[in-house]
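A structural walkthrough
The primary structure of each chain is shown beneath.
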Amino acid sequence: MKMIINGKYVDSSDKTTLNIVNPYTLKVIDTVPNASEKDVDMAVKIANSALKSWSEVAVTKKIEILKKFLNLVDENKDDLAKTLMLETGKPITQAYAEIGNIRIGFEGFMERAKHLYGEVIPFGTEMGNDKTMQFTLREPVGVVAAIIPFNFPCDLFDQKVAPSLLAGNTVVVKPPHQNPLTLIKLVALLIKAGIPKNVVQIVTGDGPKTGNSLACHPLVHKITFTGSTKVGVLTYQNAASHLAHISLELGGNDAFIVLNDADIDLAVEEMVWGRMYNNGQVCCASKRFLVQKGVLDEFVEKSKARLKKLIIGDPSKKSTEISCLVTLQAAERVEQQINNVVKQGGKIVLGGKRVNAFIEPTIITNIPKTADVALNDEIFGPVVSIIPFDTVEEAIEIANASNYGLCGCVFTKNIRTAFNVVKQLECGGTVINGASFFRSFEMPFGGYKFSGIGTEGVLSTFNEVTKIKTVTLKNILD
Ligand code: NAD
């Protein structure tokens, strides 16, 4: 498949390509251009040239176009879900869910876009201003570079592209290098629905070449990046070179705290959802299971029994619950991380093995709080890392010892204890009696510390993709 610049399917100017591999079969299913700096430059300049005309299109008209887009997505949902499953290794039911989310996400932003009200500052708030009226307007920030990771490419496309377009920006999408095909199809549908061809571009390619060129381009006014902390920090530095606005949604190592008075059956079910979904490749998956010693054995035994029941295999089958990771290399990395946890004192009580791009659902217990995984080693796979603790204070100390601060959760029947724990957790999202893997389109989602800067969601993204202009009317009263 080719990338789309100015409405045309094009190759990269240097004719280089990337192979797209189905991680289940390990076979190449397609190739995409590996866009050069020159291609990125062309895409950004086209997007920049469209700014004025697109910002002048009424929001009602923009919504009309996006409604057509959503109908096209519905018409093409089987093809989109299949493409997403093939290039990502996501179980097909989860691929359908992600395609279904496009409507939920876009509609949320479409409703909100009509209500981006400014504010009026009352007369006379400061000495000498009693005849001065001040109010605010929101204006588009400009060309938005949307850099998207592999794990939920469509969800993050919704989070970034919908509000950017609705607020009057133009967009250059940089899809994940492992699985860009579904996003190319979505951009084609946006253009088919009526988004002008100079308003949305998609440049495919690897991170250091295509992504880096995009982040460094001086005509990119805003970078909205979701991905690893390592690349996020680099992108922040690149944005600084031309003072681009930036939002960073980065990695996490969320704590899942189970206290002695918790409902263990509930905690185990939430562990399955919060750790195994998307084959364990979720930013806000619960990744560190801090379990109080009084319920440790029960949690481990019930978790083992539950994970043994999961149906593992071919992602194209509706019954499959767990499949492979996104690439063979990703699975090899998780395998190394599991070995490292064991070296540092962890004891595998379930799974632990890799076959091609598959990692068995794994439980490792007795992990010391000083182990890498208990601190900053984010494992992106179906691995339950259990760190036992004695007191609530100790659990909070372990949870906050990580450089990451995306989300966290606590299980207890005592709501007072629960509030005290969430109040003390140093992270952007907290859940009581549920896994930290909770992200609605409405909520402002974002991390503390090395998990990011800014938040995304219907409630907050418009603030991130617009600039505020103040208008002052002086001497308007007698
Ligand atoms: P990644 O950082 O490797 O890649 C993310 C995107 O950046 C891809 O499009 C990639 O091609 C591009 N990229 C890579 N190098 C680049 C460079 N030098 N300059 C510019 N762009 C570059 O991340 P990934 O492996 O795709 O995703 C997994 C990570 O993303 C995990 O750490 C996960 O926690 C995080 N994540 C965070 C959130 C969130 O909302 N906080 C959501 C999803 C994933």
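Note that the structure is predicted; figures quoted are calculated from it, not measured.

**Regarding the overall build of the protein**
In terms of helices and strands, the protein carries 16 helices and 24 strands. For a compact globule of 478 residues, the expected C-alpha radius of gyration is about 23 Å, and the protein comes in at 23 Å, within 12% of that figure. For the C-alpha atoms alone, the extent of the protein along its principal axes is close to 75 × 60 × 40 Å. Counting all 478 residues of the protein, 55% fall into the buried class. Counted over contacts in the protein with a minimum sequence separation of 6, partners at least 24 positions apart contribute 72%. Surface accessibility of the protein: about 19800 Å² in total, with carbon and sulfur atoms responsible for 54%. Side-chain charges of the protein comprise 52 positive and 50 negative groups, with the mean position of each set lying 4 Å from the other.

**Structural notes on the packing of helix H3 (residues 59-75) against helix H5 (residues 92-113)**
The description of two helices packed together rests on the angle between their axes and the distance between the axes. Between H3 and H5, the shortest axis-to-axis distance is 10 Å and the interhelical angle comes to 170°. Between H3 and H5, the interaxial angle falls into the category roughly antiparallel. On H5, the residues that touch Val 59, Ile 63, Leu 66, Lys 67, Phe 69, Leu 70, Asn 71, Val 73 and Asp 74 of H3 are Ile 99, Ile 102, Arg 103, Phe 106, Glu 107, Met 110 and Ala 113. Looking at side-chain class alone, the contact of H3 with H5 contains 11 nonpolar, 1 polar and 4 charged residues.

**Things to note about the sheet that holds strand E24 (residues 466-473)**
One open sheet accounts for 3 strands, arranged E5-E6-E24; its pairing is antiparallel. Each edge of the open sheet carries a strand with a single partner, namely strand E5 (120-121) and E24. By the bridge criterion, 2 bridges tie E5 to strand E6 (residues 133-140) in an arrangement that is antiparallel. Among the inter-strand pairings, Val 120 is bridged to a residue of E6, identified as Phe 135.

**Observations concerning helix H4 (residues 77-88)**
Along an α-helix, residues three or four positions apart point the same way, because every turn accommodates 3.6 residues. With 12 residues, H4 should cover 16 Å at 1.5 Å per step; its first-to-last C-alpha distance of 16 Å lies within 8% of that length. Packing partners of the buried residues in H4 comprise strand E3 (17-22), strand E4 (27-33), H3, H5, helix H6 (153-166) and helix H7 (181-193). One or two positions beyond H4, positive phi appears at Gly 89, with a value near 80°.

**Points about the nonpolar core**
Judged by nonpolar contacts, the single largest core of 64 residues is most densely connected at Phe 69, Ile 102, Phe 106, Phe 157, Leu 186, Leu 190 and Ile 195. The set of elements that each furnish at least two residues to this core consists of E3, H3, H4, H5, H6, strand E8 (170-174), H7 and strand E9 (200-202). In terms of residue count, H7 provides more of this core than any other element does, 9 residues in total. In this structure, this core is formed jointly by two domains, domain 1 (3-250 + 451-471) and domain 2 (254-440), each of which donates at least three residues. With residues up to four places along the chain from it excluded, the contact list for Ile 102 reads Phe 69, Leu 70, Val 73, Cys 154, Asp 158 and Leu 186. Residues Ile 338, Val 373, Val 383 and Ala 395 belong to the second largest nonpolar core, which totals 32 residues.

**Describing the site of the ligand**
For the ligand, the set of nearby residues contains 30 residues, the closest of which are Ile 148, His 177, Ser 228, Leu 250 and Glu 378. Here an oxygen atom of the ligand sits 3.2 Å away from a polar atom, N or O, in the main chain of Phe 150. In the environment of the ligand, a nitrogen atom lies 3.4 Å from a nitrogen or oxygen atom belonging to the backbone of Asn 212. At the level of elements, helix H8 (207-216), strand E10 (222-226) and helix H9 (229-241) are the ones that each hand at least two residues to the shell around the ligand. Counting residues per element, the shell around the ligand draws most heavily on H8, which supplies 4 residues. A per-class count over the shell around the ligand returns 16 nonpolar, 10 polar and 4 charged. Lining the shell around the ligand are residues from two domains, each supplying at least three of them: domain 1 (3-250 + 451-471) and domain 2 (254-440).

**Observations regarding the side chain of Lys 287**
You can see Lys 287 is positioned in strand E13 (residues 286-292). Among the polar contacts made by the side chain of Lys 287, one reaches the side chain of Glu 378 at a distance of 2.9 Å. What Lys 287 contacts, discounting residues up to four positions off in sequence, is Gly 252, Asn 253, Asp 254, Arg 275, Val 282, Glu 378, Ile 379, Phe 380 and Ser 385.

**Quick look at the pairing of E13**
The buried fraction of E13 amounts to 7 of the 7 residues, a majority that puts the element mostly inside the structure. Bridge analysis of strand E12 (residues 254-258) against E13 gives 5 bridges, and the strand direction is parallel. Note that in E13 the partner of Ile 257 across the bridge is Leu 290. Since E12 and E13 lie parallel, the crossover through helix H10 (residues 264-276) that links them has a hand, and here it is right-handed. Pairing between E13 and strand E18 (residues 383-389): 5 bridges, direction parallel. Across the sheet, the residue bridging to Arg 288 is Ser 385, located in E18.

**Regarding the domain arrangement of the protein**
When the domains of the protein are assigned, the result is domain 1 (3-250 + 451-471) and domain 2 (254-440). Summing both partners gives a buried area of about 2200 Å² for domain 1 against domain 2, and 60% of it is carried by carbon and sulfur. The largest share of the area that domain 1 buries against domain 2 comes from Tyr 24, Gln 94 and Ser 451, three residues that together contribute 26% of it. At the boundary of domain 1 with domain 2, the tally comes to 10 residue pairs in polar contact (both at pLDDT 80 or more). Secondary-structure elements contributing two or more residues to the side of domain 1 that touches domain 2 are H4, H5 and H6. Its residues assigned to classes, the side of domain 1 that touches domain 2 shows 11 nonpolar, 9 polar and 2 charged.

**A word on the sheet that holds strand E17 (residues 362-365)**
The mixed open sheet is built from 7 strands, whose spatial order is E14-E17-E18-E13-E12-E20-E21. Each edge of the sheet is formed by a strand with only one pairing partner; in this case those strands are strand E14 (347-350) and strand E21 (429-432). Strand-to-strand twist across the sheet, computed as the mean angle between neighbouring axes with direction ignored, equals 25°. Strand direction decides the pairing type here: strand E20 (residues 407-411) and E21, joined by 4 bridges, are parallel. In the strand pairing of E21, Cys 407 is matched with Gly 429. Helix H11 (residues 296-308) rests against E12, E13, E14, E17 and E18 of the sheet, and its axis sits at about 165° to E17.

How each quantity is defined
Residues numbered from 1 in each chain as written. Predicted model: local features only at pLDDT ≥ 70, side-chain atom pairs only at ≥ 80, totals over all residues. Heavy atoms only, no water. Helix = DSSP H or I, 4+ residues; strand = E, 2+ residues; numbered from the N terminus. Rg over C-alpha atoms; globule rule 2.2 N^0.38 Å. Buried < 20%, exposed > 50% of the residue type's maximum accessible area, 1.4 Å probe, protein only. Contact = heavy atoms within 4.5 Å. Areas by Shrake-Rupley, 256 points an atom, 1.4 Å probe, with all protein chains shown as cover. Lys, Arg positive; Asp, Glu negative; His and termini not counted. Charge placed at Lys NZ, Arg CZ, Asp CG, Glu CD. Axes fitted to C-alpha atoms, helices over the stretch in contact; angles between N-to-C directions. Parallel < 35°, antiparallel > 145°, perpendicular 65-115°, else oblique. Nonpolar A, V, L, I, M, F, W, Y, C, P; charged D, E, K, R; others polar. Pairing = 2+ DSSP bridges. Expected span 1.5 Å × (residues − 1). Core = buried A, V, L, I, M, F, W, Y, C linked by side-chain atoms within 4.5 Å. Domains from an automatic or database assignment. Near = heavy atom within 4 Å. Polar contact = N/O pair within 3.5 Å; in protein donor to acceptor, adjacent residues only side chain to side chain. Right-handed = clockwise from strand over helix to strand, strands pointing away. Buried area = accessible area lost by both parts, 1.4 Å probe.

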